[in-house]
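# Understanding the architecture of this molecule
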Amino acid sequence: MMNKKIQSALISVFYKDGLENIVQELSRLGVTIYSTGGTQSFIEKLGVKVVPVEDLTSYPSILGGRVKTLHPSVFGGILGKRDDETHLQEMKQYRIPEIDLVIVDLYPFEETVASTTDEKAIIEKIDIGGPSMIRGAAKNFRDVVVIAAKKDYATLETLLKEQQGETSLEQRRAFAAKAFEIVAHYEVAIAKYFSSSDTGYFLESVPGPKIMRYGENPHQSAVFYGDLGQLFDQLNGKELSYNNIVDTDAALQLIREFTDTTFAIIKHTNVCGVAQRDTVKESWDAALAGDPESAFGGVLVCNGTIDKATAEAINEIFFEVLIAPAYDAEALAVLKSKKNRILLQLKAQPGRKVQYKSMLNGVLVQDNDEGNYAEWTETVKRKETAVEKEDLLFANLVCKHLKSNAIALVKNKQLVGKGCGQTSRVDSLRQALEKARQFKFDLHGAVMASDAFFPFDDCVRLGHEAGITAFIQPGGSIRDNDSVEYCKTHDLSMIMTGMRHFKH
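Residues numbered from 1 in each chain as written. Predicted model: local features only at pLDDT ≥ 70, side-chain atom pairs only at ≥ 80, totals over all residues. Heavy atoms only, no water.

## What to know about the layout of surface pockets
In this approach, a probe sized like a water molecule rolls over the atoms, and the result shows the empty space that is left. What counts here: Throughout, the protein atoms alone are placed on a 1 Å grid, and a set of points is a cavity if a 1.4 Å probe fits but cannot get out or a pocket if it is open with protein on both sides within 12 Å along at least five of seven lines; lining residues have an atom within 4 Å of a point. Grid points are joined across faces, edges and corners, and a volume is the space filled by probe spheres set on the points. Going along the chain from the N terminus, every DSSP run of H or I of four or more residues is numbered as a helix, and every run of E of two or more is numbered as a strand. We call Asp, Glu, Lys and Arg charged. Ala, Val, Leu, Ile, Met, Phe, Trp, Tyr, Cys and Pro are nonpolar, and the rest, Gly among them, are polar.
Put simply, the second largest pocket is a space of about 840 Å³. Lining the second largest pocket are 24 residues, with A149, K151, I182, H185 and P207 positioned closest to its centre. At the level of secondary structure, the elements contributing two or more residues to the lining of the second largest pocket comprise α6 (109-115) and α10 (169-194). For the lining of the second largest pocket, the leading source of residues is α10, giving five residues. Tallied by class, the residues present in the lining of the second largest pocket amount to 13 nonpolar, three polar and eight charged.

## Section: the sheet that holds strand β10 (residues 232-236)
Note the cut-off: Paired strands are those between which DSSP finds at least two bridges. Axes here refer to lines fitted to C-alpha atoms; in helices the fit is confined to the stretch in contact. Angles between the N-to-C directions go from 0 to 180 degrees. Any two residues having at least one pair of non-hydrogen atoms within 4.5 Å are treated as being in contact.
An order of β10-β17-β15-β13-β11-β12 is seen for the six strands of this open sheet, with the pairing classed as mixed. Every interior strand has two partners, whereas the edge strands, β10 and β12 (270-276), have only one. Strand-to-strand twist in this sheet, taken as the mean axis angle between neighbours without regard to direction, amounts to 20°. Note: strand β11 (residues 262-267) against strand β13 (residues 298-302), four bridges, orientation antiparallel. Residue I265 lies in a different strand from β13, and its bridge partner there is L300. Packed on one face of the sheet, helix α11 (residues 242-255) meets β10, β11, β12, β13, β15 (319-324) and β17 (342-346) and runs near 150° to β11. With respect to the sheet, helix α12 (residues 280-290) is in contact with β11, β12 and β13, its orientation differing from that of β11 by roughly 35°.

## Details of the sheet that holds strand β2 (residues 8-12)
Reading across the sheet, the five strands line up as β4-β3-β2-β5-β6 and stay open at both edges, with parallel pairing between neighbours. The outermost strands of the open sheet, each flanked by one partner alone, are β4 (51-52) and β6 (145-147). Here four bridges tie β2 to strand β3 (residues 32-35), and the two strands are oriented parallel to one another. Residue pairing across strands places A9 opposite I33, the latter belonging to β3.

## Here's the deal with the pattern of salt bridges
Put simply, the rule reads: Salt-bridge detection follows one rule: a side-chain nitrogen of Lys or Arg within 4 Å of a carboxyl oxygen of Asp or Glu. When accessible area is computed with a 1.4 Å probe and restricted to protein chains, residues below 20% of their type maximum are described as buried, those above 50% as exposed, and intermediate ones as partly exposed.
Under the criterion given, the structure shown has 24 salt bridges. D249 serves as the salt-bridge partner of R352, at 3.0 Å between the closest nitrogen and oxygen. Separated by 103 residues along the polypeptide, R352 in the loop between β17 and β18 (354-359) and D249 in helix α11 bring together distant segments of the chain. Classification of R352 by relative accessible area gives partly exposed; the value is 38%. A residue is classified by how much of its surface remains accessible, and D249, at 23% relative accessible area, is partly exposed. The structure contains a network of salt bridges with shared partners spanning R82, E98 and D100.

Shape is all these values report; function is a separate question.
Here it is in structure tokens:
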């Protein structure tokens, strides 16, 4: 019979919230409770009988509390197999009691790392006995119930009440699976603290799984791991979808590049409209004008407060998500008129320093693409004007957030044409020029940014014919001189940055 009745329990926890009801139920069921330290005192204050672990081990807590439960009398009771006669005889010989329930949590290592740089304090929060007892109990799930986190207290309390202290094999195995996950996450956090960049393993563990409605497409299942509440408060709308999260990430990556008032529109992770103006409303108007057609169903982001005038303008189009650091009350009243419209109030930017992609049978890891340019090399005698320089800097940042091959056309800090995701650079330029023509932008005096070098002079030639007067690109082609010579001949400005911005 695989049902087991709990007759003894070992309890040693850091977090005691919610423990009281469990202790009372165990007492009602006549379960022998072993404990130590603060948990023992907590249980005694409840008026419940408790056996000190020291009575099992014949040793007090030593080394400043580092050694309390690491003893055969404890681990033998947890790991002993109840259907193994040799185990049972040895436990009897050494007076080791069977332990049927282990309730143990872990020292708050991650919280300590987040709150201090004091290495001595951090090291002391590396739990040794806790993970060992949890793993031991989980390994012996055929005979032992293990509870490794307070979020499972309610489930255990229900089982104690409804099943009178009995548990099934399936229930014990489920608790064991959770316990191994908790310990694995804990160990990864410690390993990451000690590891350098040349670690031999991909060390990541992100808690908080959230089941999505579906993935990129309805036939794909998806889960998000993480705590979005650390980044923003959701003020309105339905739950973020998989695609919403992907585009929101792209939006935040872009907007963090700018300090002056900027508004941007993202569609399928690409920028389809972005502008910088004196006010949020003016920035919105200019961003939308860049490509009002593609803005439909997009993700909107700005770095200023959304006021009523801006909200009323935005309210005229359909969009999925709006992200801003603040909203006026009157603006929210306007924007909340659509119940499914997602409104996010940004609290913090993502703090990650690297990017991951699952590829082939492994994971690619790389640093974030930080910065605008490595150098500012004026390759021709004709120096860019002050206005052109501001536009070139703006254009290069925008281009960085377009899928390669990418071209961004900018005039007066407004994206007026863009080409992205094309298999040849000149095709991306043709796409950008067509977008500009479609929305009747005058490109005379505009600038062009390219995410990678110009392999030929065709891009500068086509751009010049359209009215573009200044170019920015990383350089690095064996035929860089072709483009440079064209600019010299036609009195155009060209900047080489030494920093490529491929995005795939």
